[in-house]
Amino acid sequence: MLPRPAVILDRDGVINRDSELFIRSVDEFVPLPGSLEAIAQLKQAGWAVVVCTNQSGVGRGLYTKATLDEIHAHLRALLAEHGTSVDGIYACPHRPDAGCSCRKPKPGMLLRAATELDLDLGASYMLGDAPRDLEAGRAAGAQPVLVLTGKGEQTLANGDFPDVPVFDSLQAFTDSLLA
Ligand SMILES: [Mg+2]
Ligand SMILES: [Zn+2]
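What you are looking at is a predicted structure, and each value in this text was computed from that prediction instead of being measured. (Residues numbered from 1 in each chain as written. Chains lettered and ligands numbered in written order. Predicted model: local features only at pLDDT ≥ 70, side-chain atom pairs only at ≥ 80, totals over all residues.)

*Asks:* Is there a simple way to think about the environment of Ala 45 in this case?
*Replies:* Take Ala 45: it is sitting in the loop between α1 (35–44) and β2 (48–54). In sequence terms Ala 45 and Leu 178 are 133 residues apart; their C-alpha atoms lie 7.6 Å from each other. (Helix = DSSP H or I, 4+ residues; strand = E, 2+ residues; numbered from the N terminus.)

Laid out in structure tokens, this is it:
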């Protein structure tokens, strides 16, 4: 089979409401309007959809790996209610000072997803609200896309990514991609 094009998604601030205090429990995981529907539409159209999320709250001791797994099981259940699923969920649990190769802006999670899921990164998009998402996408050879949910307005105002396409939300990007 040929490698598949993917839409790779940051989690917090793209799929669900972001929090400066981290998302520490299932209760704090609140999907943004239209995000689950957008994932369903992308999957329906034949795109692979993959989540790549920095979750240093695990390494910081703010919540356990078991809780993170619970949150992702909850996300999968919500997606199932929408008749859809994602191809993979990758999370970096390490602290920023751990020097791991998976924490964005490093491309480790994207490269691992590409190998495990047979993705064509050169034909893929990396959607994020923070600079490190866009840098990771670029480093992996995917097209970075900035969404204005979460920290997106702030990232846009910083002006560091003049060449990166900007959309109001995951839903707006999806509408444009599938139009
Ligand atoms: Mg984010
Ligand atoms: Zn890591």
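*Asks:* I would appreciate a short explanation of the pairing of strand β5 (residues 143–147) in the present structure.
*Replies:* Along a regular strand, successive side chains alternate from one face of the sheet to the other. For β5, the tally of buried residues reaches four of five residues, placing the bulk of the element in the interior. The pairing of strand β4 (residues 125–128) with β5 spans four bridges and is classified as parallel. If you follow Met 126 over to β5, its bridge partner there is Pro 144. Handedness of the crossover is the feature at issue here: the chain leaves β4, passes through helix α5 (residues 131–139), returns alongside β5, and the resulting connection is right-handed. Sheet topology places β5 next to strand β6 (residues 166–167); two bridges connect them, and they run parallel. What sits directly across from Val 147, in β6, is Phe 167. Following the chain from β5 across helix α6 (residues 152–158) to the adjacent parallel β6, one finds a crossover that is right-handed. (Buried ≥ 20, exposed ≤ 12 C-beta atoms within 10 Å, placed from the backbone. Pairing = 2+ DSSP bridges. Right-handed = clockwise from strand over helix to strand, strands pointing away.)

*Asks:* Help me out: how do you make sense of the nonpolar core in this one?
*Replies:* Burial of nonpolar side chains together is a common tendency in soluble globular proteins. In terms of nonpolar packing, the biggest core is built from 39 residues, with Val 7, Ile 8, Leu 9, Val 49, Leu 110, Met 126 and Leu 127 touching the most fellow members. In terms of residue count, the dominant contributor to this core is β2 (five residues). For Leu 127, the contacting residues outside a window of four places in its chain are Val 7, Ile 8, Leu 9, Asp 10, Val 14, Val 145, Val 147, Leu 170 and Phe 173. (Core = buried A, V, L, I, M, F, W, Y, C linked by C-beta atoms within 7 Å. Contact = placed C-beta atoms within 7 Å.)

*Asks:* Just to check I follow, could you spell out the environment of Ile 8 for this structure?
*Replies:* Looking at the secondary structure, you find Ile 8 in strand β1 (residues 6–9). According to the C-beta neighbour criterion, Ile 8 is buried, with 31 such atoms within 10 Å. A C-alpha to C-alpha distance of 9.4 Å links Ile 8 and Ala 113, two positions 105 residues apart in sequence. Ignoring anything within four residues of it in the chain, the contact list for Ile 8 reads Val 50, Cys 52, Leu 110, Ala 113, Ser 124, Tyr 125, Met 126, Leu 127 and Ala 142.

*Asks:* Sorry, what's going on with the pairing of β2 here?
*Replies:* Counting buried positions over the seven residues of β2 gives seven, a clear majority of the element. Burial along β2 is two-sided: Ala 48, Val 50, Cys 52 and Asn 54 and Val 49, Val 51 and Thr 53, pointing in opposite directions, are all buried. Sheet topology note: the β1/β2 ladder contains four bridges and is parallel. For Ile 8, the partnering residue across the bridge sits in β2 and is Val 50. Running through α1, the crossover from β1 to the neighbouring parallel element β2 is right-handed. In the sheet, β2 pairs with strand β3 (residues 88–92) via five bridges, with the strands oriented parallel. Note that in β3 the partner of Cys 52 across the bridge is Tyr 90.

*Asks:* Before we go on, may I ask you to explain α1 in this structure?
*Replies:* Residues three or four positions apart in an α-helix share a direction because the helix packs 3.6 residues into each turn. Along α1, the residues classified as buried are Ser 35, Leu 36, Ala 38, Ile 39 and Leu 42. Down the axis of α1, the smallest arc covering the buried residues is 155°, so these residues share one side. Contacts made by the buried residues of α1 are with β1, β2, α3 (65–81) and α7 (170–178). At the exit of α1 stands Gly 46, carrying a positive phi of roughly 100°. (Arc of directions from axis to C-beta.)

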